[in-house]
Structure formats: C-alpha cells, structure tokens
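# Examining the three-dimensional arrangement
In case you want the letters, here they are:
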Amino acid sequence: MGFFKDDESGDETDEIEETAEVEAASDGVHPLLPLRDIVVFPHMVVPLFVGREKSVHALEDAMTRGRVLMLAAQRDAKSDDPGPDDIFELGTLASVVQLVKLPDGTVKVLVEGKGRGRIVEYLESDERFLVRVERIEERTDPTVELEALVRSVKTTFEQYAKVNKKVPPEMAASVGSIDGAERLADTVVAHLNLNVEDKQRILEILEAPARLEEVLSLMQGEIDVLQVEGRIRSRVKKQMERSQKEYYLNEQMRAIQKELGDRDEFKNEVQELEERIAELGLPEHAEEKSRKELKKLKMMSPMSAEATVVRNYIDWILSLPWGSHKDEVIDVERAGEILDEDHYGLEKPKERVLEYLAVRELVGEMKGPILCFVGPPGVGKTSLGRSIARATGRDFVRVSLGGVRDEAEIRGHRRTYIGAMPGKIIQGLKKAGSGNPVFLLDEIDKMSSDFRGDPASAMLEVLDPEQNKAFDDHYLDLEYDLSKILFLTTANNLAGIPRPLQDRMEIIHIPGYIEEEKLQIARSFLIPKQLEENGLAGVDIEFTEQGILEVVRRFTKEAGVRSLEREIGSICRKVAREVVKAGDQKLHIKVGPKQVRKYLGVPRYQFGKREERDQVGIATGLAFTEYGGELLTIEALVTAGKGRIQVSGHLGDIMKESAQAAMSYVRRRAKQLGLARDFYQKVDLHVHVPEGGVPKDGPSAGITMAVALTSALTGLPVRSNIGMTGEITLRGRVLPIGGLKEKLIAALRGGVEKVLIPKENERDLKEIPARVKRRLEIVLVENMDEVLQHALALQDPGLFDHPSEYALAEIFEVTAETPVN
C-alpha cells in the first residue's frame, strides 16, 4: 500500500512545476521500470526495491532525464527478463522522489505517480527499457450524477474503513477531503484488497464516472465479505474458548518449565538434532524434509503430543544409514572356506553366492541378488544367511514374516495414526546400521492377507531390483534405496508364495539331508557344540558311527538336524551327570547303539527294511517324504468276487489313480500273463499300503502296484531284494519321478540290492553319492515288461520279447498257490 499526496498539502506552485517537468521531459521518451505484483496509480507515493540490472539502469537514466520514468506492471510476475509482450501497455508516468543505493547492489527508490500513459513504441536499448510514451490527459466535466457518485464513494469508503482494520482512521478523513473524481477513484482503489489484474483493469478505465462506478462496486463487495468474516470470527470465538483456555495453561506450563530449566533442555535437544542433520550428509530430499520438520518442532511446546511425534519422526530419519555402506569383502576363495566351515553340503546355494562375489569382483557395482531358499525345516536355511553375511563381510539382519497379515508391517503406518512406526524393512535397516546388509526375510511363505491388505503384494516392490531403488515407506514418506541390499528369503513350500513374488526371486531348492550328510554334520558341528554347551569339552567321550546312525534312524524322523541336535544334547546331559557322579575318576565313555538306547530309552521310529524272502503279492517300492527317502511295502490280495478293486492305507487321489492304471495294464496284458480274458469279473482285488495312519500320495508307486497285482493274480513271488520306483501309463510306459537320491539311500539302508528306476532319470544319477552307486545295482527301465522281467522270478528272461507266443503260467517259477483263472 502506497502513500498519497493530498490536494491541500504541499505548495500549488511546486505541483505546477513538477507537472511541467514531466511534460517537458525529453520528447515523450522515458526509461521503463517493469513492476512485479504491484500497480502504481497517479497521485500514489510508494517505495520500490529494485534489483534487476535493466531496472537499475532505467533508474539511473531517469535521474538524468528530469527524474521521470514510466511504470508498467508485468503480466507474469515470475518472469525475471520480461519482453515487450510481457508488459501491460498502459501504465503510470512517475517522478523519482528519493533514490538510495543499498550495500548489496539493490536500489531503494520512492516514486510518485503523476498521470496515466500509454507505451507507443519500444526503442532500441540493451542496457534498459526505453519507450515512447503517449501522455493521457484526464478532463471530466462536473455533473449532478458525477457529484452523487463521488459522495457515494466517500460514504462507502468510510464504512469500508470501519470494517477493515488495515485502513487507518485518518485515511478516511483524507479521502473525504478529495474533490476531483479522477483522483478520488485512484486513491480509493489502492486501499482495496484486489489482485494485479483487477487493479490494472481499473487503471485502464479512462473515464472517471465509469472508474468510480467500478470502484464503488468492488468496495461494496469487499464490505460484504468483511462483514461475513466478522460474523464467522464471532462464532468461532465462542468455540475457541476451550482451546484458548488450554493455550493459556500451556503457556503457563512453558513459563514454569523455563524456570525449572526444562525449556533449556528442549533447546539443547533441538540444537543437537540440527547439528546431526548438518553432519550426516543426508540426501537432498531427506535433508529438506528433516529441516522442515525441525522448524515445526521449534515452534511447539516440548510437552505437547505433536512435538513427540515430530521428534520421533526426525529421529527415525537421522537413525537410518543414508549412503552408509559397509566395505564388502570380495575374496571368493576365503568366502568358500567360510561357507564350508559353517555348513556341510548345500552346494547349490554356496555356489550361487560365490558366483555373485566373482561377478562383483569383475564388474564392481551391481544390484544385489534376491535368493529364495526353499526346503524343509531344520536344513540350515536361516543359518546359511548368517554365513553368507560373514563370508561377504556385510552386516546381517533377520526379519521374520511368519503370521504377518497387515501391509503396514512392510510399508509402515502413515504418521496420522497414533503409535505409527516404519515397516519391518526400514526397522531392519536401522538395526543393521549400514545400507548394504544381508537382509534375511524368514518364512516368506507364512504371510497371509485380510481386510488390512496383502503384505505379499507389498513385498513385490521390496524384492524387485527395478523398483526397490526408490522404496517408499508410508511412515517416512521419503524414497529410500534398497538396491544395494543382498536379500535372502526362506520358505518351506513354494505353494504359499504368490507367482508374481516367485518371479522376482531366484529359487534355490535345499533338499533334506541324507544319512551320510547327517552323520558328517553331527561329527563336525553338532557334537562339538553340545559338548561345549554341556561342559564336556575336556571329557574323553566318543560317539561311534553306528551310535550316531542309531540316533538318526530310530530316534529322529526329519529332513533337517534339529531333532538330532536335541537328542545329542540329551545324551550329553546324561553323560554330564555320570561325570559329576564319578568325581575325580577318569572316564572314557563310548557312545554306541547300546549306549544310545540306554540314554534315550525305547526307539521311537523304525526305518523300512526289505522282505526277508520272496513273497506273492508283496512288492517293495521307494517313496520320497519331507523327512527323506522311505521303503514303501505294497500288498495285493486276490479273493473270489465280482471284479471290485479296493485300495486302503490312507492313500491320496493320485495314488488311487495309479492303482487303477496298474490294473488296466494287467488287464491289457492278460493273455501274455496267462490269465483268462474275463478274469477280473470273477475276483476282487485289494491293494493295501501299511502304516495307514500316515497319508500317502504321488504317482511314483505305479510300477510297484502293477508288480504286486501281477504277482497276486499269477500266484508268483516278487524278488525280495528288489526295490522300484516309477510312474506307469495305461500302455505300460515308465515315467520319471523325483527325489531319486533320497530313495536310493533309503534302499541301501533297507538292505535292497537292486533298484529299478525310470530310464529318463538317468540324468539324475550324477548327483547320487559314489558310495551308493557302488553298493546298489541300478537298472534303468522304459516299460512294465522290463520291470516284470527283473521283479518276478522268470525261467525265460526273454518272455516279453515275443509275448504273444507264450502263456506266462507255463514258464514262471511257480512257488505259490495256483492263480485264480
């Protein structure tokens, strides 16, 4: 708001001289000063701060041209270098009353508007704007209507001054003394709360009556708005009484705290936060956010709840390892030694970590891999993560996702909630203390979802190398780079992980340990650990190989080694009791199978063994369970009946279908097997798999069922030293199966000498331990004819080379009852 020169103040002679000075200045050529966010009216005195180079030169030129210059508003206030099109044509000719140059190079100038002018032409000038101006003369003949309009404006302005506290009372008296209609309109409009566009529009109204009417209309509108604001303030004042009371009480508390010194502690805390922000070297967006929140904190009462929220938020930002990365140890050979030192076996995950380190050494910076270890409980998935961190020299942090069902557990809660915190990812990074740890997300398959969201979907961003470089936690509301983290996840079953999430991870299957591996793990890791924990490090105690195997086979049934460790710990505790009882007497304790039964009691489990002799209708199959390989005995019985087939033993649908397929194969080969064409209409068949309390399913028992059915129908025995596994088709083809290594080890453990496996599983033999392959005769078969040649005691080994020429009953070695025909 500017100052206006009053008609009655000053000398009339001075005013005439100044006007003549403006008119005579040059020949209508004046320097131009573009204005931002302000419109100067005639008779208005206003201070301006000038900093732009062209504007400063324009002022200097004006001082040499009779102190006269042209003032015109910019169309866009943000433009620092406006052109002719960016400046309004109609402005105000003004004289420079006072000019002061400030130390920073800017100029403070006091100008007084003299009259309206229109820019006719921009003249050539690089240093400043120089324009040709047409002076606009304002002459208005007095009329009754104009006099009434002047009085209305003056009266309305008095009302406006009463409701608008920003207008000083003396201004109303000064406006009341103005006689000229032109001057009255220009004086009043400067005091109205209008934007630049509205003021420019009024400046461009050249007829005084029209200008007064527009000013009167705008002033009445402002009065209505101000009166409504007054009524609203009056209503709000009543509602704010309680808040004001609380405010006064808070102010009293602040005064008391200041006397007690608490306020000084708050100031010290704020100062400490400010220093930490300056020292940490935060990213630009994080530093800007921190300083903004700190500024809010300074204006709050230290005892208010909101101050606590803001302080916690700043603490979280400052506690994160922004750009703080731990130096990675890139020594492939040393890393391999550490991994072997901590874990026996687990070749695939070890190999993948060493590959990553090798590539890291060659290319330098690279995105961390995202590995998912899938396997049964107790095989060392979680402890492998710690070993990888030790091998790479990184920090290790583990977050358990079991039972997580709220998306906010991953992304964090928004700060609008009471007790809001960041998600588990950001919390884990704070715990790690570095920006590139080994981050283990344990039990990722145990997450679930409900009405609060799907955490598995939130993990898509975390585990996507293309997205996690700008991870957005809801609490922080800041982008954080997760791309340098080496993410590891663990799961027992892929079925619990959504497909899009699986697609973002490199799946590494970790199978259960075989007996040989459990034996080595017990010797190298579990027994030394338990001896140390139970105070037996200096005691002469020896665990024999047979003793360890006794524990593995008869006291545990698992894929991992957790139960094995517990049982070894139980033996060690009982030995510790004997050592204490013996006192100073030196003991040599040898733990063999007998001692194991003494310490642990009656065996809890038994492992499958082959049949003692060849029997009719009993075949030995090989099964793969989550605990490893097992021998699976399948029994088939034929009774007189009407062609019913019954299966029992808690079998799944797939296994029942395998029995149907096996029976269809036998019916198809009835003639070659020496059976009547309609034999199945005169007998009932019952297929049973013992241990009915244990659920069983899968297609790999198909050929075993076919052998058992064939033996039962023909009355011929199955060789007891043979085990078999494979899926059967209706045409008698043998299809590949899984878990071959575990099945062959179970066969060797159970005393089987010869194993029939599908031809297509030949590729899996390279993963079988050499000890197993040496002690087993492994036969590759492609169809059921080959299976029967090996499994049944045939006099003619070439029976199925020309099956249609023989009756099977004539050339079998019959050692049982005659078959039902």
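Figured I'd write up the structure that's included with this text. (Residues numbered from 1 in each chain as written. Predicted model: local features only at pLDDT ≥ 70, side-chain atom pairs only at ≥ 80, totals over all residues. Heavy atoms only, no water.)

### Section: the overall build of the protein chain
Convention followed: Elements are defined by DSSP. Helices are runs of H or I of four residues or more, strands are runs of E of two residues or more, and each kind is numbered from the N terminus. The buried label applies to any residue whose accessible area, calculated with a 1.4 Å probe on protein chains only, is under 20% of its type's maximum; exposed applies above 50%, and partly exposed to all values in between. The contact rule is simple, with two residues in contact once any of their heavy atoms fall within 4.5 Å. Only the protein chains shown count as cover for residues, and the accessible areas themselves come from Shrake-Rupley with a 1.4 Å probe.
Secondary structure summary: the protein chain contains 28 helices and 27 strands in total. Across the 821 residues of the protein chain, 48% fall into the buried class. Relative to all contacts within the protein chain whose residues are 6 or more apart in sequence, the contacts with residues 24 or more apart total 73%. Counting every atom, the protein chain has about 42200 Å² of accessible surface; 47% of that belongs to carbon and sulfur.

### Remarks on helix 10 (residues 284-298)
Stated precisely, the cut-off is as follows: Take the residue count of a helix, subtract one, and multiply by 1.5 Å to get its expected span. Regarding the arc, it is the one traced by the directions from the helix axis to the C-beta atoms.
The end-to-end C-alpha distance of helix 10 is 21 Å, a good match for the 21 Å that 15 residues give at a rise of 1.5 Å each. Here helix 10 has its buried residues at A286, K289, S290, E293, L294 and L297. The buried residues of helix 10 occupy an angular sector of 135° when the element is viewed end-on, so they sit on one face. Residues E284, E288, K292 and K295 are exposed on helix 10 and point more than 90 degrees away from its buried face.

### Focus on the layout of surface pockets
Regions of empty space are outlined by a rolling probe, equal in size to a water molecule, passed over the atoms. To be explicit about the condition: Here a cavity denotes a set of grid points, spaced 1 Å apart and computed over the protein atoms alone, in which a 1.4 Å probe fits but from which it cannot get out, and a pocket denotes an open set meeting protein on both sides within 12 Å along at least five of seven lines; residues with an atom within 4 Å of a point are reported as lining. Grid points are joined across faces, edges and corners, and a volume is the space filled by probe spheres set on the points.
Taken as a whole, the largest pocket encloses approximately 1000 Å³ of empty space. Taken together, 32 residues make up the lining of the largest pocket; nearest its centre are K348, P511, K741, E742 and E767. Listing elements by their share of the lining of the largest pocket, those giving two or more residues are helix 13 (347-363), helix 19 (515-533) and helix 25 (740-749).

### Points about the sheet that holds strand 8 (residues 370-374)
For sheets, the rule is that strands pair by backbone hydrogen bonds, running either parallel or antiparallel. We apply this condition: Pairs of strands are assigned from DSSP output, requiring at least two bridges between the strands. In this description, a line fitted to the C-alpha atoms serves as the axis of each element, helices being fitted only across the stretch in contact, and the angle between N-to-C directions of two axes falls anywhere from 0 to 180 degrees.
Read from one edge to the other, the open sheet built from five strands follows the order 9-10-13-8-14, with strand pairing classed as parallel. Each end of this open sheet is capped by a strand with a single partner; those strands are strand 9 (396-400) and strand 14 (506-509). Neighbour to neighbour, the strand axes of the sheet diverge by 20° on average, direction disregarded. Of the pairings in the sheet, the one linking strand 10 (residues 438-442) to strand 13 (residues 486-491) comprises four bridges and is parallel in character. Bridge pairing links V438 to L486 in strand 13.

### A word on a positive patch on the surface
Using the following cut-off: Each patch groups residues whose relative accessible area exceeds 30% and which form no salt bridge, using 9 Å between like charges and 5 Å between nonpolar side chains of Val, Leu, Ile, Met, Phe, Trp and Tyr. By definition, a salt bridge exists where a carboxyl oxygen of Asp or Glu is found within 4 Å of a side-chain nitrogen of Lys or Arg. The charge count includes Lys and Arg as positive and Asp and Glu as negative, but it does not include His or the ends of the chains. Where a charge lies is defined by one atom per residue type, namely NZ (Lys), CZ (Arg), CG (Asp) and CD (Glu).
A cluster of basic residues, R573, K574, R577 and K581, forms a positive patch on the protein surface. Inspection of the secondary structure puts K574 in helix 21 (residues 562-582). Overall, the relative accessible area of 36% leaves K574 in the partly exposed class.

### Some words on the pattern of salt bridges
For the coordinates displayed, the defined rule picks out 37 salt bridges. D186 is the partner of R211 in a salt bridge, and the nearest nitrogen-oxygen pair spans 3.3 Å. Linking R211 in helix 7 (residues 208-239) with D186 in helix 5 (residues 181-189), this pair joins segments that are 25 residues apart in sequence. What makes D186 buried here is its relative accessible area of 1%.

### Remarks on the pairing of strand 3 (residues 44-50)
In terms of burial, strand 3 is largely enclosed, as five of its seven residues are buried. Two elements, strand 3 and strand 6 (residues 107-123), share six bridges in a ladder whose sense is antiparallel. Bridge assignment links V45 to a residue of strand 6, and that residue is E112.

### A short note on the packing of helix 24 (residues 702-714) against helix 27 (residues 784-791)
Convention followed: The cut-offs work like this: below 35 degrees is roughly parallel, past 145 is roughly antiparallel, 65 to 115 is roughly perpendicular, and the gaps in between are oblique. Here is the rule for handedness: rotate from the far helix to the near one, and if that takes an anticlockwise turn smaller than a right angle the crossing is left-handed, while a clockwise turn gives right-handed. Side-chain classes are defined by residue name, with Ala, Val, Leu, Ile, Met, Phe, Trp, Tyr, Cys and Pro counting as nonpolar, Asp, Glu, Lys and Arg as charged, and the others, Gly among them, as polar.
Where helix 24 meets helix 27, the closest approach of the two axes is 10 Å, and the angle between their N-to-C directions is 60°. In terms of orientation, helix 24 and helix 27 fall into the oblique class. For the pair helix 24 and helix 27, the crossing hand works out as right-handed. In this structure, helix 24 uses I703, A706, V707 and T710 to contact helix 27, whose residues at the interface are M784, V787, L788 and A791. Classifying every residue of the contact of helix 24 with helix 27 by side-chain character gives seven nonpolar, one polar and no charged.

### Things to note about the packing of aromatic side chains
Rule in force here: Stacked, edge-to-face and tilted are the three classes for Phe, Tyr and Trp ring pairs, Trp counted by its six-membered ring, which pair at centre distances within 6.5 Å; planes under 30 degrees apart are stacked, over 60 edge-to-face, the rest tilted. Charge-over-ring placement is defined geometrically: NZ (Lys) or CZ (Arg) within 6 Å of the ring centre, and within 35 degrees of the ring normal.
In this structure the tally under the stated criterion is five aromatic pairs. Considering the side-chain rings of F439 and F487, the 5.6 Å spacing of their centres and the 45° angle between planes classify their relative orientation as tilted. Highlighted residues: F439 in strand 10 and F487 in strand 13, separated in sequence by 48 residues. Each of the two residues, F439 as well as F487, counts as buried. The cationic tip of R415 hangs over the ring face of Y313; the distance from NZ or CZ to the ring centre is 3.7 Å. The lysine or arginine in question, K430, covers the ring of W316, its NZ or CZ lying 4.2 Å from the ring centre.

### So, a nonpolar patch on the surface
Taken together, the side chains of V228, I232 and V236 make up a nonpolar region of the molecular surface, amounting to roughly 200 Å² of accessible area. You can see V228 is positioned in helix 7.

### Considering the environment of V353
Looking at the secondary structure, you find V353 in helix 13. Residues V353 and L371, spaced 18 residues apart in sequence, show a C-alpha to C-alpha distance of 9.4 Å. Those residues within four positions of V353 in sequence are excluded, and the remaining contacts are L339, L371 and I388.

### Notes on the side chain of D61
You can see D61 is positioned in helix 2 (residues 53-64). Of the residues examined, D61 reaches a relative accessible area of 12% and is grouped as buried. Residues in contact with D61, not counting those within four places in the same chain, are P31, R128 and L130.

### Thoughts on unusual backbone geometry
For D37, which is not a glycine, the phi torsion comes out positive at approximately 60°. Mapping D37 onto the fold places it in the loop between strand 2 (29-35) and strand 3. The backbone of H650 shows a phi angle near 60°, a positive value even though the residue is not glycine. Relative to the elements of secondary structure, H650 occurs in the loop between strand 20 (645-648) and helix 23 (653-668).

### What to know about empty space enclosed by the protein
Evaluation of the coordinates by the stated rule reveals two cavities of 30 Å³ or more. Taken as a whole, the second largest cavity holds about 40 Å³ of empty space. Along its surface, the second largest cavity is lined by L35, I38, V39, V40, L71, A72, A73, L90, G91, T92, Q200 and L203. Every element with two or more residues in the lining of the second largest cavity is listed here: strand 4 (68-73), strand 5 (90-101) and helix 6 (196-203).

### Here's the deal with the side chain of S483
Worth spelling out the cut-off: Between N or O atoms, a polar contact is any pair within 3.5 Å; within protein, one atom must be a potential hydrogen donor and the other a potential acceptor, and residues adjacent in sequence are included only when both atoms are from side chains.
For S483, the position within the fold is in the loop between strand 12 (479-480) and strand 13. Here the side chain of S483 touches D481 through a polar contact of 2.6 Å, side chain to side chain.

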